[in-house]
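# Results of the structural survey
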Amino acid sequence: MIRLDDFQGTPEDLAEFITPVWRETYQGRMVYPDWAGDFFRWQMRWDAPGSRRHMIAAYDEDRLIATLLGTSFPVRADNELIRGSIWSWMTIDPEYRGRGLATLLDRDRVRRLQDEQVDLIVSYRYFGSRHSLAEQPKKVQAKPKKFNRTVGLWVRVLDPRTVGRWSLKAVDGWMSRLSFPLAKVPGPGKLDSFIRRATEQDIPRCVELVREQTAGMPLTMAWDESTLRHQLLGSPLVTTLVLERSGAVEGFVSFHILDWVGRMSGKVGIFDLIVTDRLGSGAALALMNAAFRTMVEKGAILTVKVRTGDVPASLMWRCYFVPRPADSHLILQWVSLNREISSRSPIHLLWR
Ligand SMILES: CC(C)(COP(=O)(O)OP(=O)(O)OC[C@H]1O[C@@H](n2cnc3c(N)ncnc32)[C@H](O)[C@@H]1OP(=O)(O)O)[C@@H](O)C(=O)NCCC(=O)NCCS
């Protein structure tokens, strides 16, 4: 008998279910991330009270057959502080597809969030490959789920030769090889003496900076000290660099590294926060280049940032990011409230 329950098991058990299903579904056809236990331990805030309520699993007797995972976050929607959540990893064992499990998991999620008075579900649906099985808009008319906008990535190649071999599409491989002269990451300069790893003491200032940068956006993560501390310092997978002058942190960037599987596995640096509004352009560039160097040291071949207007495009161009065409739908699914978020305004959300 099939039943829905909180996920029972360790982060490693979760990865051992999800990653092989994605591999079986997409390997050789579409790039997919290879999540490991540590990633879920961080993302799901594994030991926080109530985190299991956001790890929904379907079991056939004792066999794990599907998952849907999320994390709750305070969000600011049109200047109103609301309870939000970011969800991903809808994964159904191929043997159990086409039986309405996706709908069951979604309904159970909504029920759980209604109980907790969470107002908003943020999620993404990838359409950048014909092989993607993610839900597409034509299927979804029902309110209050809203395909808010399409989003793409800023992409910067760090290791053109390896990306050339790693890319599934020949054209991407060639583009990457051609980027060779631009891809070289500049060495440290004068400003690098002001750049260092973030520490616990930086968190209050980082909260101030990110709030300042995202003020006025109609939808943003409403970072507080607890959520930002976890995001910036909560895992060995994360690196956060700050730029501090005259005793004051003026900007920071934060990224994590994930394996993405194309023709082979390659490490990708994913920027979650780029907060540089207070920095002059030279200092912002120095901070980005320091992040690239750290990524290269960790073996990254590519770096990405979701493009939602929360980072100045001029900075991204200057450090040789290229905007890729939109390839995912951003879905805002309202649970109790119902708000209209303009599809054109800049917003600041995590991308998962
Ligand atoms: C995507 C996947 C979960 C769909 O599983 P499935 O059993 O084939 O699901 P179905 O096609 O029966 O979909 C059932 C319904 O759930 C809906 N649905 C699909 N994904 C959904 C999601 N993430 N959230 C909410 N509803 C979803 C579908 O729109 C469909 O609605 P409809 O019946 O009104 O058309 C499955 O193919 C899978 O595990 N793929 C590999 C991982 C993956 O790509 N996950 C998607 C990440 S966005």
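Quick notes on the rules
Residues numbered from 1 in each chain as written. Predicted model: local features only at pLDDT ≥ 70, side-chain atom pairs only at ≥ 80, totals over all residues. Heavy atoms only, no water. Near = heavy atom within 4 Å. Polar contact = N/O pair within 3.5 Å; in protein donor to acceptor, adjacent residues only side chain to side chain. Areas by Shrake-Rupley, 256 points an atom, 1.4 Å probe, with all protein chains shown as cover. Helix = DSSP H or I, 4+ residues; strand = E, 2+ residues; numbered from the N terminus. Domains from an automatic or database assignment. Contact = heavy atoms within 4.5 Å. Buried area = accessible area lost by both parts, 1.4 Å probe. Salt bridge = Lys/Arg side-chain N within 4 Å of Asp/Glu carboxyl O. Nonpolar A, V, L, I, M, F, W, Y, C, P; charged D, E, K, R; others polar. Buried < 20%, exposed > 50% of the residue type's maximum accessible area, 1.4 Å probe, protein only. Expected span 1.5 Å × (residues − 1). Arc of directions from axis to C-beta. Core = buried A, V, L, I, M, F, W, Y, C linked by side-chain atoms within 4.5 Å.

## Things to note about the site of the ligand
Around the ligand, the structure places 18 residues, and the nearest of them are Y26, M90, I92, G98 and R125. For the ligand, an oxygen atom lies 2.5 Å from a polar atom in the side chain of Y26. Between the ligand and I92, the relevant distance is 2.8 Å, taken from an oxygen atom to a main-chain nitrogen or oxygen of the residue. In the complex, the protein chains occlude 79% of the 900 Å² of accessible area that the ligand would expose alone. Counting only elements with at least two residues in the shell around the ligand, the list comes to α1 (11–26), β5 (80–92), α3 (101–115) and β6 (120–126). Of the residues forming the shell around the ligand, the biggest block, four residues, is contributed by α3.

## A short note on the environment of T67
Its place among the elements puts T67 in strand β4 (residues 63–77). Distance in space between the C-alpha atoms of T67 and D277 is 38 Å, their sequence separation being 210 residues. Among the polar contacts made by the side chain of T67, one reaches the main-chain carbonyl oxygen of W89 at a distance of 3.2 Å.

## Things to note about the domain arrangement of the chain
When the domains of the chain are assigned, the result is domain 1 (2–151) and domain 2 (154–326). Domain 1 and domain 2 are separated by 25 Å when their C-alpha centres are compared. Contact residues are listed per partner, giving 27 residues for domain 1 and 28 residues for domain 2. Here domain 1 meets domain 2 over a buried area of about 2300 Å², counting both sides, of which 69% is carbon and sulfur. The largest share of the area that domain 1 buries against domain 2 comes from V31, W42 and V151, three residues that together contribute 30% of it. At the boundary of domain 1 with domain 2, the tally comes to zero salt bridges. Counting every contact that joins domain 1 to domain 2 gives six residue pairs in polar contact (both at pLDDT 80 or more). Every element with two or more residues in the side of domain 1 that touches domain 2 is listed here: β2 (32–34), α2 (37–43), β4, β5 and β7 (145–157). It is β4 that contributes the most residues to the side of domain 1 that touches domain 2, five residues altogether. Split into classes, the residues belonging to the side of domain 1 that touches domain 2 amount to 16 nonpolar, four polar and seven charged.

## Details of the side chain of N289
Examined against the element boundaries, N289 turns out to sit in helix α9 (residues 281–297). Note on N289: relative accessible area 10%, which makes it buried. Those residues within four positions of N289 in sequence are excluded, and the remaining contacts are V185 and P186.

## Notes on the pattern of salt bridges
A side chain with one charge may pair with a side chain of the opposite charge, provided their charged atoms come close. Evaluation of the coordinates by the stated rule reveals 24 salt bridges. Residues E135 and R125 are paired through a salt bridge, measuring 2.6 Å at the closest nitrogen-oxygen approach. Pair noted here: E135 is in the loop between β6 and β7 and R125 is in strand β6, with a separation of ten residues, a long-range link. Residue E135 is classed as partly exposed on the basis of its relative accessible area of 24%. The buried category is assigned to R125, whose relative accessible area is 11%. Note that E250 and R245 form a salt bridge whose closest N and O atoms lie 2.7 Å from each other. What makes E250 buried here is its relative accessible area of 18%. If you follow the salt bridges from partner to partner, you end up with D6, R53, D108, R111 and R112 in one network.

## Brief notes about the environment of Y32
With respect to the helices, strands and loops of the structure, Y32 is situated in strand β2. Here Y32 falls in the buried class, since its relative accessible area comes to 1%. Along the backbone, Y32 and R112 are 80 residues apart, and their C-alpha atoms lie at a distance of 28 Å.

## Looking at α3
For α3, which comprises 15 residues, the first-to-last C-alpha distance of 21 Å matches the rise-based estimate of 21 Å (1.5 Å per residue) to within 8%. Buried residues of α3: L101, L105, D106, D108, R109, R112 and L113, and no others. Burial along α3 is one-sided: seen end-on, the buried residues are contained in an arc of 165°. Residues of α3 that are exposed and point over 90 degrees away from its buried face: R107 and D115.

## What about the nonpolar core?
Ranked by size, the top nonpolar core spans 71 residues in total, and within it I18, F40, L219, L228, F252 and W260 carry the most contacts. Residue contributions to this core peak at seven residues, all from α1. When residues of this core are sorted by domain, at least three fall in each of domain 1 (2–151) and domain 2 (154–326). What F252 contacts, discounting residues up to four positions off in sequence, is C206, L209, V210, L228, L232, T240, L241, V242, L273, I274, V275 and L287. I257, A286, V311 and L315 belong to the second-largest nonpolar core, a separate cluster that totals 28 residues.

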